[in-house]
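# Understanding the architecture of this molecule
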Amino acid sequence: MILAVATALGLSTPVLAQDADTIEGTIISHEGSTIVVRGAAGDTPIVVTETTRIRGTTGLLNVRGEDHPATDLIRGLPVEVTPVGGAGELTAASITFKNEDLDTARQIQ
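A quick note: this is a predicted structure, and the numbers were derived from the prediction, not measured.

### A word on the nonpolar core
- Counting 18 residues, the largest nonpolar core has Ile35, Val37, Leu73, Leu77, Val79, Val81 and Ile95 as its most contacted members.
- The set of elements that each furnish at least two residues to this core consists of strand S1 (23-31), strand S2 (34-39), strand S6 (78-85), strand S7 (90-98) and helix H2 (99-108).
- Sorting elements by how many residues they give to this core places S7 first, with four residues.
- With residues up to four places along the chain from it excluded, the contact list for Val81 reads Asp21, Thr22, Ile23, Val37, Ile46, Ala92, Ser94 and Ile95.

### Quick notes on H2
- When H2 is considered as a whole, its buried residues turn out to be Asn99, Leu102 and Ala105. Along the axis of H2, the buried residues cluster in a sector spanning 115 degrees; they form a single face. Projecting away from the buried face of H2 at angles above 90 degrees are the exposed residues Glu100, Gln107 and Ile108.

### Notes on a nonpolar patch on the surface
- On the surface, Leu60, Leu61 and Val63 cluster together to form a nonpolar patch covering roughly 420 Å² of accessible area.
- Structurally, Leu61 can be placed in the loop between strand S4 (53-58) and strand S5 (64-67).
- Residue classification places Leu61 among the exposed residues on the basis of a relative accessible area of 67%.

### Details of the confidence of the model for the protein chain
- Averaged over every residue, the pLDDT of the protein chain is 82; residues scoring 70 or more account for 79%.
- A low-confidence stretch, residues 1-19 (pLDDT under 50), is modelled with 19 contacts involving residues beyond four sequence positions or located in other chains.

### Observations concerning the side chain of Thr52
- In this fold, Thr52 is placed in the loop between strand S3 (42-47) and S4.
- Engagement of the side chain of Thr52 in a polar contact is seen with the backbone nitrogen of Thr49, the distance being 3.0 Å.
- Polar contacts involving the side chain of Thr52 include one to the main-chain carbonyl oxygen of Ala92, which spans 2.7 Å.
- With residues up to four places along the chain from it excluded, the contact list for Thr52 reads Val47, Ala92, Ala93, Ser94 and Ile95.

### What to know about the environment of Gly65
- Mapped onto the elements of the fold, Gly65 is located in strand S5.
- For the pair Gly65 and Lys98, spaced 33 residues apart in sequence, the C-alpha separation works out to 8.7 Å.
- Not counting residues up to four positions away in its chain, the partners in contact with Gly65 are Arg55, Gly56 and Thr57.

### As for the side chain of His68
- Relative to the helices and strands, His68 resides in the loop between S5 and S6.
- His68 sits in the buried class, given a relative accessible area of 15%.
- In this structure the side chain of His68 is engaged in a polar contact, spanning 2.8 Å, whose partner is the side chain of Asp72.
- With near-sequence residues (within four places) excluded, His68 lies in contact with Ile54, Arg55, Gly56, Phe97, Asn99 and Leu102.

Cut-offs used in this document
Residues numbered from 1 in each chain as written. Predicted model: local features only at pLDDT ≥ 70, side-chain atom pairs only at ≥ 80, totals over all residues. Heavy atoms only, no water. Core = buried A, V, L, I, M, F, W, Y, C linked by side-chain atoms within 4.5 Å. Buried < 20%, exposed > 50% of the residue type's maximum accessible area, 1.4 Å probe, protein only. Helix = DSSP H or I, 4+ residues; strand = E, 2+ residues; numbered from the N terminus. Contact = heavy atoms within 4.5 Å. Arc of directions from axis to C-beta. Patch = residues over 30% accessible without salt bridge, like charges linked within 9 Å, V, L, I, M, F, W, Y side chains within 5 Å. Areas by Shrake-Rupley, 256 points an atom, 1.4 Å probe, with all protein chains shown as cover. Salt bridge = Lys/Arg side-chain N within 4 Å of Asp/Glu carboxyl O. pLDDT = per-residue confidence, 0-100. Polar contact = N/O pair within 3.5 Å; in protein donor to acceptor, adjacent residues only side chain to side chain.

Shown next as structure tokens:
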């Protein structure tokens, strides 16, 4: 419904996938300070800043984790992004992923 309204209004920024607080998808590119995440709503460009918390999780419930550098945001990595809206662009407040998914994405590259 929201996607249909956004399309009808001609909005160029894709509507957030899942709920309004997160974007879930796979990184398809990382150039400079911008990643593009492909999810249910399409491709969403997201700006990564020095204050973005990048965290890899592990364990049965994925509650244990460690911080990662932005260089670990590679193509093929499934992520969950909590964005902060801006004028025309989204900035990531936090990005989380499973450490095992990072290992898999590295092997594929």
